[in-house]
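# Survey of secondary and tertiary structure
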Amino acid sequence: MSTRGRFLVFEGIDGAGKSTQIAALTAWLQTQGVATVTTREPGGTPVGEAIRALVLTHEMHAETELLLICAARREHLLTVIEPALAAGRWVVCDRFADASFAYQVGGRGVAPERFRQLDEWTRAGRQPDLVFLFDLPVATAAQRRAQRDAADGHTECDRFERESEAFFAAVRAAYRVRAAQDPQRYCVLDAQLPTERLTEIVLATVAQRWFAPKTRQPPSQGVAHDG
Ligand code: TYD
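Everything in this summary refers to the structure shown in the same document. Just so it is clear, the model here is predicted, and its values are computed rather than measured.

## Overview of the site of the ligand
- Taken together, 15 residues surround the ligand, and among them D14, R52, R95, S100 and Q104 come closest.
- The separation between an oxygen atom of the ligand and a polar side-chain atom of R95 is 2.6 Å.
- Interatomic distance of 2.8 Å between a side-chain N/O atom of Q104 and a nitrogen atom of the ligand.
- Within the complex, the protein chains bury 90% of what would otherwise be the 560 Å² of accessible surface of the ligand.
- Counting only elements with at least two residues in the shell around the ligand, the list comes to α2 (46–57), α3 (62–86) and α4 (97–107).

Here's what the structure looks like:
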């Protein structure tokens, strides 16, 4: 598994405001001369988009939903994400495996062990290098979705957007559990901050991690350093 490129993922409950930040990060990476692939889940491939349409519109058992989303993810990894990373491109993805833990396990109540088994097979070890988790109260997210839909003249909600506050509260809690387990990999953002401030934080986080000028290590003071 080659890791020449970087794999950056955006997560959060519906209405958290990921899309604007994904666009801002992708544009900024391009100004840094980085070749990027911007994609999404479920989706990102013809088969994945067909699965997305199915999952967003058809009632189904929660385990079926998880299986379909993981099938879409496997296709996405094999045909888009892994080849892009191997070619040195940076992949910016709107949702990935944490969404399955948050929505299918947290929200729908699928057994965590089912998720673990399927996720292990699906990802085959691939992890995002960094996950931005857009965290906000579920009532605020619901207001934002309503405002966005009114502005778009959008009247039909998909199966997830129609869910209750309790569902989104469970999804949010599950996301926070995942983030707390691996603080190095997750950057939890207060999605109630102004958009411009969020963009600053996202760009600064990436810049600091991968674009900061390398500072010289001070001479060893007798303290062992890893690597
Ligand atoms: P998203 O693209 O964020 O929705 P929108 O186009 O409305 O911004 O995601 C589509 C929905 O899919 C979202 O409600 C969450 C759901 N989803 C899961 O339930 N599990 C998953 O693993 C993924 C990736 C998404």
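## Some thoughts on the packing of aromatic side chains
- This model, assessed by the stated rule, comprises eleven aromatic pairs.
- Aromatic side chains Y103 and F160 sit 5.7 Å apart centroid to centroid with 90 degrees between the ring planes, which places their arrangement in the edge-to-face category. Of the two residues, Y103 is situated in helix α4 and F160 in the loop between α6 (138–152) and α7 (165–181); the sequence distance between them amounts to 57 residues.
- What makes Y103 buried here is its relative accessible area of 5%.
- A residue is classified by how much of its surface remains accessible, and F160, at 8% relative accessible area, is buried.
- One aromatic cluster is present, formed by Y103, F160, F167, F168 and Y175 through successive ring pairs.

## Let's talk about α4
- Counted residue by residue, α4 has nine buried out of eleven residues, so it is predominantly covered.
- Among the residues of α4, those classed as buried are A97, D98, A99, S100, F101, A102, Y103, Q104 and V105.
- Considering only its buried residues, α4 is in contact with β1 (7–12), α3, α5 (112–123), β4 (130–135), α7 and β5 (186–190).

## Topic: the pattern of salt bridges
- Applying the stated rule across the entire model yields 22 salt bridges.
- Residues E59 and R159 are paired through a salt bridge, measuring 3.5 Å at the closest nitrogen-oxygen approach. Residue E59 is located in the loop between α2 and α3, and its partner R159 is located in the loop between α6 and α7; the two are separated by 100 residues in the primary sequence.
- As a salt-bridge pair, E63 and R114 come within 3.4 Å of each other at their nearest N and O atoms. Here E63 is found in helix α3, whereas its partner R114 is found in helix α5, with 51 residues between them in sequence.
- Taking the relative accessible area as the measure of exposure, R114 reaches 45% and is therefore partly exposed.
- In this structure, a network of salt bridges that share partners links the residues E59, E65, R108, R159, R162 and E163.

## Looking at the nonpolar core
- Formed by 60 residues in total, the largest nonpolar core has its most connected members in L25, L29, Y103, F132, F134 and V206.
- Considering every element that reaches this core, the biggest residue donor is α3, with nine residues.
- Ignoring any residue separated from it by four or fewer positions in sequence, one finds Y103 in contact with G12, I13, D14, R95, R108, F160, F167, F168, V171 and Y175.

## A few points about the packing of α4 against α7
- At a minimum axis distance of 8 Å, the contact between α4 and α7 shows a crossing angle of 135 degrees. It follows that α4 is oblique to α7 by the angle criterion. As for the relative orientation of α4 and α7, their crossing is right-handed in sense. Only F167, F168, A170, V171, A174, Y175 and R178 of α7 make contact with α4, whose side of the interface consists of A97, D98, A99, F101, A102, Y103, G106 and G107.

## As for unusual backbone geometry
- A cis amide bond, omega -10 degrees, links E41 with the succeeding residue P42.
- Mapped onto the secondary structure, P42 falls in the loop between β2 (36–40) and α2.
- With a phi close to 80 degrees, R95 is a non-glycine residue in the positive phi region.
- With respect to the helices and strands, R95 occurs in the loop between β3 (90–94) and α4.
- Positive phi outside glycine occurs at A124, with the angle close to 45 degrees.
- Within the secondary structure, A124 is located in the loop between α5 and β4.
- The exposure class assigned to A124 is partly exposed, which follows from its relative accessible area of 45%.

Cut-offs applied
Residues numbered from 1 in each chain as written. Predicted model: local features only at pLDDT ≥ 70, side-chain atom pairs only at ≥ 80, totals over all residues. Heavy atoms only, no water. Near = heavy atom within 4 Å. Polar contact = N/O pair within 3.5 Å; in protein donor to acceptor, adjacent residues only side chain to side chain. Areas by Shrake-Rupley, 256 points an atom, 1.4 Å probe, with all protein chains shown as cover. Helix = DSSP H or I, 4+ residues; strand = E, 2+ residues; numbered from the N terminus. Phe/Tyr/Trp six-rings, centres within 6.5 Å; stacked < 30°, edge-to-face > 60°. Buried < 20%, exposed > 50% of the residue type's maximum accessible area, 1.4 Å probe, protein only. Contact = heavy atoms within 4.5 Å. Salt bridge = Lys/Arg side-chain N within 4 Å of Asp/Glu carboxyl O. Core = buried A, V, L, I, M, F, W, Y, C linked by side-chain atoms within 4.5 Å. Axes fitted to C-alpha atoms, helices over the stretch in contact; angles between N-to-C directions. Parallel < 35°, antiparallel > 145°, perpendicular 65-115°, else oblique. Left-handed = near helix turned anticlockwise from the far one by under 90°.

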